[in-house]
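Each chain is listed here by its residues.
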Amino acid sequence: MSEPQSLTRRVTCRYLRRNGEQCTGEAVDSTADVLLCIKHMARVVEHARATYERLKKEATR
Ligand SMILES: [Zn+2]
């Protein structure tokens, strides 16, 4: 019985602040392509939704 490495290894959020500092939060899913903590994951989702709505509006003008 061997556990995958990804379950035991701590992976930090890849978000970079404007001053170049990396976020020290823990990634929600260390096995995913997107490595973000819950706070930045939420921020990205909000931003993606807003951008999508804006582009959709522009496209139907
Ligand atoms: Zn973060």
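Chemist: Now, about the overall build of the chain: what can you tell me, with residues and values included?
Modeler: The number of helices and strands found in the chain is two helices and zero strands. Among the 61 residues that make up the chain, the fraction classed as buried is 3%. Contacts spanning at least 24 positions in sequence make up 15% of the contacts within the chain whose residues lie at least 6 apart.

Chemist: Could you give an account of helix α2 (residues 38–59), with specific residues and numbers?
Modeler: Relative to the 32 Å expected for 22 residues at 1.5 Å per residue, α2 spans 31 Å between its end C-alpha atoms, a close match to the ideal helical length. Counted residue by residue, α2 has zero buried out of 22 residues, so it is predominantly exposed.

Chemist: Outline the environment of I38, listing residues and values.
Modeler: Within the fold, I38 resides in helix α2. Spatially, the C-alpha atom of I38 lies 5.9 Å from that of V28, the residues being 10 residues apart in sequence.

The rules behind each value
Residues numbered from 1 in each chain as written. Predicted model: local features only at pLDDT ≥ 70, side-chain atom pairs only at ≥ 80, totals over all residues. Helix = DSSP H or I, 4+ residues; strand = E, 2+ residues; numbered from the N terminus. Buried ≥ 20, exposed ≤ 12 C-beta atoms within 10 Å, placed from the backbone. Contact = placed C-beta atoms within 7 Å. Expected span 1.5 Å × (residues − 1).

Keep in mind that these numbers describe shape and distance, not what the molecule does.
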